[in-house]
Every structure is written in C-alpha cells, then in structure tokens.
Amino acid sequence: MRSRITTIFRQKSKASILTIGFTSSLAAGYLFNKYRPVVYADTTKTPFVIGEHKSSLPTYSMTEVAKHTTKENGYWLAYKDGVYDISAFVENHPGGKQILKTAGKALEACWKIFTIHQIDHVYETLEQYRIGNLPPGEREANAKAQEEVVDLFQYDPERINATENFFIRSEKPFNAETKPTVLVSSFLTPIEKFYVRNHMHVPFVNINEFKLEIGDGTSAHTLSYDDLKDKYQSHTVTSALQCAGNRRAAMNNDAQGSVQGTPWYVGAIGNARWTGVKLRDVLESFGLLKEGKHVQFVGLDCDTSQRCYGASIPMEKALSDDVLIAYEMNDETLTSDHGYPLRIIVPGTVGARSVKWVNRIIVSNEESDSHWQKADYKVLPQSIKQPQQADYDRVPAIQESNVQSAICYPASTEDGNKVKILSVKPTGEDAKNQTLTIKGYAVGGGGRQVQNVQISLDHGKTWLQADLEQLAQPYMRAWAWTLWSTHIPLKDLPSEPFDVVCRAMDVHSNSQPDSPLGIWNIRGVMNNSWHKITLKIDANFSKKVTN
C-alpha cells in the first residue's frame with residue numbers, strides 16, 4: 001500500500017519537455033555536466049578531468065555548434081569549455097542509427113546513446129572526440145541554461161541503503177545488482193534487495209488516471225488498475241528473473257576482446273513470488289487470442305521524443321498459464337523500481353521481455369519494433385566486433401533463458417569483477433566442523449528444472465555433487481531458481497590459492513560450457529559458462545588447523 005500512496009501524492013506540476021531557443025549542444029552539455037561530473041581514467045582512481053580549455057585547439061561558438069545536428073553536417077555538442085564532434089561515435093554505436101532516426105535532435109540522440117546503453121567511462125569516451133573550445137563567456141551561458149532542462153529522473157525513488165545490498169552499476173538510469181552473499185541468504189529475494197535494471201528513468205504514474213490499453217492495432221480496449229484486479233482471477237507464480245547480460249563481465253578476454261554493456265557480475269538475477277492476472281485471460285476476454293503471432297508490450301518509461309521501452313513474445317508463450325500482468329511482488333504492491341503499477345512477467349524468459357510500467361499490450365503479426373527487440377538483446381555472431389556491422393534482421397531476439405549457475409558464497413563485499421583472490425577464514429559451523437561451505441544459485445531457463453549442480457576444485461577433472469534447495473514444480477514449468485550448497489573438508493583443500501568452479505545441468509541434459517570463448521558475443525549476453533572464483537584459506541586459520 002505504501003508504494004501506491006506514495007505514487008499518488010508525489011505528483012508535481014508538469015514541466016515542458018524541451019525549451020524553445022535551446023541549442024542541442026547547450027542542453028547536451030548540461031546533461032553530461034549534471035549527471036557524471038568526474039570519472040577516473042584507470043583503476044588507480046586518478047581523477048580524469050575533461051572539458052577544460054585547451055589552448056592548442058580552435059574556437060567554435062555555440063552558434064556554430066548548433067549547426068551540427070544532422071548526419072550531413074555531423075553531430076556536435078558542448079561540455080564545459082569543450083566542443084566535441086561525436087558523429088563517428090553515433091554512427092558506430094549499437095542502435096545509434098535507429099535512435100537518430102526516431103530522435104530527430106542531436107541532444108536527444110546523444111543523451112539516449114550515452115545513457116541507455118550504459119557506456120563505461122563515458123567521459124573518457126567523449127574526450128576522444130574533442131575538436132575545439134567554446135569562446136570566453138559561452139561556458140557560463142551554458143551553465144545558466146542548465147536549470148531549464150527537464151530532469152528526466154525526478155520521479156526516481158529514494159533508494160535507502162542501496163550500497164549495502166547492491167553493486168551499483170549506474171545512477172541514472174539506476175542499475176544495480178544484488179551482492180552475491182545477499183542473493184543466497186533467502187529463497188525469495190526481498191524486494192529491497194532484488195536487482196534493478198532500468199533502461200531509462202522511473203516514470204510518474206497517477207493511479208487514478210492510469211489505463212492499460214489492450215488491442216490489435218485497429219481497435220483498443222482499456223482497463224483501469226482496479227478493473228484488472230476486480231474483473232480477473234488472480235494467479236501467483238514463483239519465478240526467477242534474470243537480465244540477459246548477467247555475468248557479462250566474465251566474457252571479456254584478451255583473445256576476443258571486451259564486450260559492450262553494463263558489466264554485471266553474478267547478481268543481475270532474483271527470485272520472487274509474482275501475483276497478477278494471466279495475460280491469456282485478458283486477451284481472451286477481448287477476443288484477441290487468435291489475432292496474431294506476437295504480443296507486444298510498451299512501457300511508460302519514455303524519453304523526450306516519446307520513444308518508450310518495449311518488447312514482445314511469441315503468441316505461443318503468451319498463451320501460457322504463467323505469463324502474468326503482475327501487480328504484486330512477494331505479496332506486496334509492486335514498487336516503482338520494479339514496475340508499479342503493472343509489469344509483465346514472462347517466466348523462463350530473459351528479463352528484457354518482462355516489461356515494467358506496462359500501459360499498452362498489442363496483438364500483432366509482427367514482433368515489437370522497439371530498439372530493444374530489434375537491435376539489442378540479440379546474440380550476434382562472434383565474427384562481429386563492431387555492432388554496426390550486424391544485420392540485426394537476420395538475428396533472432398533472445399527469448400528463453402539458458403541453464404545457468406554461479407557461486408555466491410564465500411564472496412567479498414567488494415565488486416566481484418575486481419576480486420582476483422579471496423582470502424577465506426572459516427567461521428561458525430565451518431570452523432567447528434573443519435569444512436568450507438560453498439553456496440550459489442542455478443536456473444534451468446525455459447521452464448526446465450535444474451537436475452544437478454556440481455563443484456570442481458581441479459578445473460573439471462573431478463566433480464562434487466551439491467545439495468539442492470528447490471521447489472516441486474510441474475514439468476516444463478520450473479520457473480523458480482535452485483539454491484545449492486556443499487561442504488568441503490578443509491583437509492582436502494590446497495594450501496595455495498585454488499579455483500572453485502560450478503556447473504549446472506537441467507532435466508534435458510543441457511549443461512554449461514566450460515569457457516565463454518565459444519559463446520562470446522560483442523554485446524556480452526547469455527554468458528552461462530562455468531563460474532569460477534579463486535580462494536585462499538586465511539594463513540592464520542591454516543596454522544591453527546595444522547597445529
């Protein structure tokens with residue numbers, strides 16, 4: 001109830017979307033200035049300052065910058081004292097051309113490309129395109145105009161104690177993965193600890209005016225929030241939800257190079273009880289079950305050009321009893337970060353298809369024309385090193401998740417992507433029993449139950465069977481994850497640093513590959529290779545055991 005009341009009474013006066021008389025460059029400069037003022041050029045955290053005057057470069061006025069807002073003239077923007085020509089970046093970045101096609105303005109295109117795709121070290125990337133300086137005084141004019149730009153993130157919720165539960169990958173839009181030890185602390189992931197994947201800002205919703213539109217492109221029907229809850233039978237599903245890019249960072253390697261996208265470790269996943277109404281019941285009530293091959297979903301998270309997040313699933317999947325229009329998570333009203341008032345839940349399918357803040361459902365013979373369906377969340381061929389080389393129409397959109405597992409305990413409180421060797425000192429029952437406990441999660445994907453999880457201490461030469469905690473679920477409807485654990489005698493562990501790897505197998509004997517080399521793709525999606533951590537038993541504890 002808290003979420004609903006908060007959303008109703010947080011309404012603010014509507015701001016105009018974009019100011020007349022602004023140049024694209026002025027506003028774009030503001031967006032960079034406001035949201036990401038300082039970055040670091042390397043892992044030593046030495047401040048990397050950009051946008052300051054460089055005497056070796058020519059001067060361009062804002063009038064000149066404003067002339068470069070098309071493909072023919074190039075795309076320029078200003079930041080602090082700097083002028084940048086980002087034409088090559090826009091043309092080469094995944095989805096850049098499609099974004100420009102719908103945006104129409106360099107400001108909006110730059111903002112979308114840099115924020116939606118979560119470019120790492122965005123300011124360092126920007127500085128590579130530096131071509132000149134603004135004349136004296138125009139930097140101040142840029143700063144003076146800042147307050148007139150709409151803050152797209154004004155309705156993002158307050159996220160209390162976020163750093164305790166998450167590794168935060170970006171602030172705006174907010175993207176955060178659950179820390180490993182938090183993941184395996186309970187079978188159902190608490191709402192406040194469930195990973196957050198936002199492609200844009202969190203939209204404002206006035207629940208008294210909210211309508212869900214359902215149609216086939218020629219006719220449409222509407223339901224209020226209360227209509228949906230009152231007119232249809234509720235249904236609850238326990239299902240894991242996982243970002244297609246989970247474990248993306250582990251795909252980076254020297255032989256094939258780095259992948260593009262948010263550098264998730266193992267925490268872009270969670271398991272929850274979802275309650276709502278069956279999508280098929282709603283479609284059936286309006287006679288739409290046999291009208292098309294796909295069901296499209298559109299969310300309320302839209303940019304200034306009203307380009308909204310969207311996705312679609314095949315009609316065959318939509319007819320499943322377990323695809324929901326959900327309004328509750330773990331028996332509580334959805335929070336704004338998780339899609340309040342309504343979101344789609346597509347069990348067994350990558351999280352990108354479970355559209356949050358859904359307000360339109362369209363039955364169609366075509367899949368969604370959303371950027372995230374057409375030109376993202378696709379496994380591109382390994383030969384493609386630059387996404388602009390891809391013929392996206394020839395690559396199918398990802399739907400089902402694959403079999404996956406990861407080690408979550410022991411784990412550091414630091415970002416797992418940066419931890420090379422973790423020193424472990426057994427405590428509690430482990431110290432008493434002279435064992436080392438290893439814990440993690442596994443999912444089958446596509447409704448396939450996890451059959452077993454195995455652990456190896458010798459890089460796959462021999463394997464130990466883990467104990468499983470899982471729900472009894474119908475065949476091909478195993479949507480919930482499996483938690484697993486094993487206890488290894490300390491006497492069986494090497495004294496030197498050693499690797500621990502895990503792999504899972506589902507009931508169809510699908511298993512994880514030993515390396516990401518064979519599944520590498522430039523977008524870094526669907527990495528389900530063996531997960532590996534490197535441990536070392538604390539030296540002082542080892543001495544006690546020996547003595």
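Anything mentioned here points back to the structure above.
These figures come from a predicted structure and were not determined experimentally.

Points about the side chain of S364
- Of note, S364 is situated in strand 19 (residues 358-364).
- Within the local environment of S364, its side chain forms a polar contact with the backbone nitrogen of E366, the two atoms lying 2.9 Å apart.
- Look past the residues within four positions of S364 in its chain and what remains in contact with it is G292, K293, H294 and Q296.

A look at the state of the cysteines
- On inspection of all chains with the given rule, the structure shows one disulfide.
- Note that C302 is cross-linked by a disulfide to C308, the S-S spacing being 1.9 Å. Residues C302 and C308 are joined by a disulfide whose S-S torsion is about 95°; by sign, that bridge is right-handed.
- Judged by relative accessible area, C302 falls into the buried class, the value being 11%.
- Among the residues examined, C308 registers a relative accessible area of 17% and is labelled buried.
- The thiol sulfur of C408 is not disulfide-bonded, and the nearest other cysteine sulfur, from C502, lies at 8.4 Å.

Structural notes on the environment of Q434
- By secondary structure assignment, the location of Q434 is in the loop between helix 15 (428-433) and strand 22 (435-443).
- Counting along the chain gives 53 residues from Q434 to H487, while the straight-line C-alpha distance between them is 9.5 Å.
- There is a polar contact of 2.8 Å between the side chain of Q434 and the backbone oxygen of A431.

Describing the sheet that holds strand 24 (residues 464-465)
- Strand order in this open sheet of five strands is 21-28-27-23-24, and the pairing throughout is mixed. What marks the edges here is a single partner per strand, and that holds for strand 21 (422-424) and strand 24.
- Sheet analysis places strand 23 (residues 450-456) next to strand 27 (residues 498-506), joined by six bridges and oriented antiparallel. Following the sheet pairing, Q454 is matched in strand 27 by R503.

Focus on the sheet that holds strand 26 (residues 482-489)
- Strands sit in the order 20-22-26-25 across an open sheet of four strands; the sheet is antiparallel. Of all strands in the sheet, those bounded by a partner on one side alone are strand 20 (404-409) and strand 25 (467-469). Averaged over all neighbouring strand pairs, the angle between strand axes comes to 30°, with direction disregarded.
- Summarising the sheet, strand 25 and strand 26 pair through three bridges and their orientation is antiparallel. Bridge pairing in strand 26 places E469 opposite L483.

Some thoughts on the pattern of salt bridges
- A full pass over the atoms with the stated rule returns 18 salt bridges.
- With its nearest N and O atoms 3.7 Å apart, the salt bridge here joins D303 to R307.
- We classify D303 as buried; its relative accessible area is 4%.
- Judged by relative accessible area, which is 10%, R307 ranks as buried.
- A salt bridge links D506 to R448; its shortest N-O distance comes to 3.3 Å. With D506 in strand 27 and R448 in the loop between strand 22 and strand 23, the pair connects residues that are 58 residues apart, well separated along the chain.

Some thoughts on the packing of aromatic side chains
- Under the criterion given, the structure shown has eight aromatic pairs.
- Judged by centre distance (5.8 Å) and plane angle (85°), the ring pair of F194 and W274 falls under edge-to-face. Within this pair, whereas F194 is found in the loop between helix 10 (180-183) and strand 9 (196-197), its partner W274 is found in strand 13 (residues 269-278), the two being separated by 80 residues in sequence.
- Since its relative accessible area comes to 1%, F194 is described here as buried.
- Given a relative accessible area of 0%, W274 falls into the buried group.
- Relative to W372, the ring of Y309 lies with its centre 4.9 Å away and its plane at 45°, an arrangement referred to as tilted. In this pair, Y309 is assigned in strand 15 (residues 308-314) and W372 in helix 14 (residues 371-374), connecting sequence segments 63 residues apart.

Concerning the pairing of strand 8 (residues 175-178)
- By the alternation rule, side chains of strand 8 split into N175 and E177 and A176 and T178, which are all buried.
- Pairing between strand 7 (residues 166-170) and strand 8: four bridges, direction antiparallel. The partner of S170 across the bridge, within strand 8, is N175.
- Linking strand 7 to strand 8, which pair antiparallel, is a turn of four residues.
- Both strand 8 and strand 9 contribute to a ladder of two bridges, which runs antiparallel.

Section: the nonpolar core
- Core analysis: the largest hydrophobic core is formed by 58 residues, its most contacted members being L228, I325 and I361.
- When residues in this core are grouped by element, the largest group, five residues, is from strand 16 (residues 324-329).
- Residue contributions to this core reach at least three from each of two domains, namely domain 2 (173-381) and domain 3 (404-543).
- Here I325 is in contact with L212, L228, G276, V277, L279, V282, L342, R343, I344 and I361, once residues within four sequence places are set aside.

Examining the pairing of strand 5 (residues 82-85)
- Relative to strand 5, strand 4 (residues 74-79) runs antiparallel, the two being bridged by four bridges. Within strand 5, the position partnered with W76 by the bridge is D85.
- Once strand 4 ends, the chain turns through two residues before running back antiparallel as strand 5, passing K80 with a positive phi of about 55°.
- Relative to strand 6 (residues 130-133), strand 5 runs antiparallel, the two being bridged by three bridges. Across the sheet, residue V83 finds its bridge partner in strand 6, namely G132.

Quick notes on the environment of L126
- Mapped onto the elements of the fold, L126 is located in helix 7 (residues 122-127).
- Residue class for L126 comes out buried when judged on its relative accessible area of 0%.
- Along the chain, L126 and V83 lie 43 residues apart, while their C-alpha atoms are 10.0 Å from each other.

Side note on the side chain of S401
- You can see S401 is positioned in the loop between helix 14 and strand 20.
- Taking the relative accessible area as the measure of exposure, S401 reaches 10% and is therefore buried.

Definitions and cut-offs
- Residues numbered from 1 in each chain as written.
- Predicted model: local features only at pLDDT ≥ 70, side-chain atom pairs only at ≥ 80, totals over all residues.
- Heavy atoms only, no water.
- Helix = DSSP H or I, 4+ residues; strand = E, 2+ residues; numbered from the N terminus.
- Polar contact = N/O pair within 3.5 Å; in protein donor to acceptor, adjacent residues only side chain to side chain.
- Contact = heavy atoms within 4.5 Å.
- Disulfide = S-S within 2.5 Å.
- Buried < 20%, exposed > 50% of the residue type's maximum accessible area, 1.4 Å probe, protein only.
- Pairing = 2+ DSSP bridges.
- Axes fitted to C-alpha atoms, helices over the stretch in contact; angles between N-to-C directions.
- Salt bridge = Lys/Arg side-chain N within 4 Å of Asp/Glu carboxyl O.
- Phe/Tyr/Trp six-rings, centres within 6.5 Å; stacked < 30°, edge-to-face > 60°.
- Core = buried A, V, L, I, M, F, W, Y, C linked by side-chain atoms within 4.5 Å.
- Domains from an automatic or database assignment.

Worth remembering: the numbers are spatial, not functional.
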